[in-house]
Amino acid sequence: MKGYLEDKEFGKIHVELRRGMTSVRFTFHADGNLLMRAPLGISVAEMQRMVDIHREQLRRLPHPQSVSFRFGQTIECFKCQVVIESQNRMPGYILNHWEGDTLHLQIHQNADLEDDGIKRTISSVIGRAMDVQAHALLLPFAQQIADELGLRPAGFEVGRGMRKLGHCTAKRIIQLSRNLMFLPEALVRYIICHELAHLTHMNHSPQFHALCNQYCGGKEKELERQLRQFRFPILK
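Bear in mind that the values here come from a model prediction, so they are computed numbers and not experimental data.

## Here's the deal with the overall build of the protein
- Secondary structure assignment for the protein yields six helices and 11 strands.
- With 236 residues in all, the protein has 44% of them scored as buried.
- Residue pairs at least 24 apart in sequence account for 45% of intrachain contacts in the protein once pairs closer than 6 positions are excluded.
- For the protein, the accessible surface area stands at approximately 13100 Å², while carbon and sulfur atoms represent 49% of it.
- Each charge sign in the protein was given a centre, from 31 positive and 25 negative side chains, and these centres are 5 Å apart.

Here you go:
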């Protein structure tokens, strides 16, 4: 269930009530407002109480950068790029085509690129394009790293998560989000190494981190810090 909670300080807070949750968690919604995930059945009064309890922490939450698009913009991706261009032929349409490793995204010259709906449409088109590129570029790169480390996962798959960028299943299949395509190569390699380390340790124990750090050339903590600070160029 989804809804809103009005707060005197934070304004509109998105609320998602989920069956099975036992605690309240806060993050940011794609529109920049706070998002509260809470157990199904929680009262409005209790939700407001939880905001009050966590108010100081919420003030210190790093606010996500807003996504913006502009004509002439180049979005650097993993082994490819996206260029946003104007066109005057088809109002209301986003035209796109690949030339080598460059995706040309052509939007009508009168389109308002600050409009939330247009931002979402642009994000969706780029996301679908990166899905294709992830199969073509990301999975072979992951296999290359596995070969370098002498590891044999059962296979690689492409997912779509923005928060969950990778996952190692119980069947030793490693799922990599198409959104890794927006990361610099060093962070792409870090996510892959993280999941490959789960082939040995299906947890986040000290032994797991020691192995992951080994796979990352001793840079696990620094790469993790860079990943936390990274802001994706498209909407979730």
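Having seen the structure, we can now continue with the description.
## Examining the pairing of strand 6 (residues 80-87)
- Sheet topology places strand 5 (residues 74-77) next to strand 6; four bridges connect them, and they run antiparallel. Bridge assignment links C77 to a residue of strand 6, and that residue is C80.
- Taken together, strand 5 and the strand that follows it, strand 6, pair antiparallel across an intervening segment of two residues, in which K79 is found at a positive phi of about 65°.
- Examined bridge by bridge, strand 6 and strand 8 (residues 102-108) share seven bridges and lie parallel to one another. Directly across from Q81, in strand 8, lies its bridge partner T102.

## Some points on the packing of helix 4 (residues 185-197) against helix 5 (residues 206-215)
- The interhelical angle for the contact between helix 4 and helix 5, taken along N-to-C directions, is 140°, at an axis separation of 9 Å. As summarised for this structure, helix 4 and helix 5 are arranged oblique, according to the angle between their axes. Remark: the crossing between helix 4 and helix 5 carries right-handed chirality. For the pair helix 4 and helix 5, the contacting residues are Y190, C193, H194, L196 and A197 in the first and F208, L211, C212 and Y215 in the second.
- In terms of residue class, the contact of helix 4 with helix 5 is made up of eight nonpolar, one polar and no charged.

## Concerning the sheet that holds strand 11 (residues 173-177)
- Pairing in this open sheet of three strands is mixed, and the strands run 9-11-10 from one edge to the other. The open sheet has two edge strands with one neighbour each: strand 9 (155-159) and strand 10 (166-168). The mean angle between the axes of side-by-side strands here comes to 20°, regardless of whether they run parallel or antiparallel.
- Of the strand pairs in this sheet, strand 9 and strand 11 are connected by five bridges, and their pairing is parallel. By the bridge assignment, G159 is partnered in strand 11 with S177.
- Contacts between helix 3 (residues 116-149) and the sheet are confined to strand 9 and strand 11, with strand 9 contributing the most and set at about 145° to the helix.
- Sheet contacts for helix 4: strand 9, strand 10 and strand 11; angle to strand 11, the most-contacted strand, approximately 155°.

## A look at the pattern of salt bridges
- Applying the stated criterion to the full structure yields 15 salt bridges.
- Close ionic contact of R55 with D7 constitutes a salt bridge, the shortest N to O distance being 2.9 Å. In this pair, R55 is assigned in helix 2 (residues 55-60) and D7 in strand 1 (residues 2-7), connecting sequence segments 48 residues apart.
- Taking the shortest distance from any N to any O, the salt bridge between D52 and R55 comes out at 2.6 Å.
- The class for D52 is partly exposed, based on a relative accessible area of 43%.
- According to the relative accessible area criterion, R55 is buried, its value standing at 8%.
- Within this structure, D7, E9, D52, R55, E56 and R59 form a network of salt bridges that share partners.

About the criteria used
Residues numbered from 1 in each chain as written. Predicted model: local features only at pLDDT ≥ 70, side-chain atom pairs only at ≥ 80, totals over all residues. Heavy atoms only, no water. Helix = DSSP H or I, 4+ residues; strand = E, 2+ residues; numbered from the N terminus. Buried < 20%, exposed > 50% of the residue type's maximum accessible area, 1.4 Å probe, protein only. Contact = heavy atoms within 4.5 Å. Areas by Shrake-Rupley, 256 points an atom, 1.4 Å probe, with all protein chains shown as cover. Lys, Arg positive; Asp, Glu negative; His and termini not counted. Charge placed at Lys NZ, Arg CZ, Asp CG, Glu CD. Pairing = 2+ DSSP bridges. Axes fitted to C-alpha atoms, helices over the stretch in contact; angles between N-to-C directions. Parallel < 35°, antiparallel > 145°, perpendicular 65-115°, else oblique. Left-handed = near helix turned anticlockwise from the far one by under 90°. Nonpolar A, V, L, I, M, F, W, Y, C, P; charged D, E, K, R; others polar. Salt bridge = Lys/Arg side-chain N within 4 Å of Asp/Glu carboxyl O.

These values are about where atoms sit, not about what they do.
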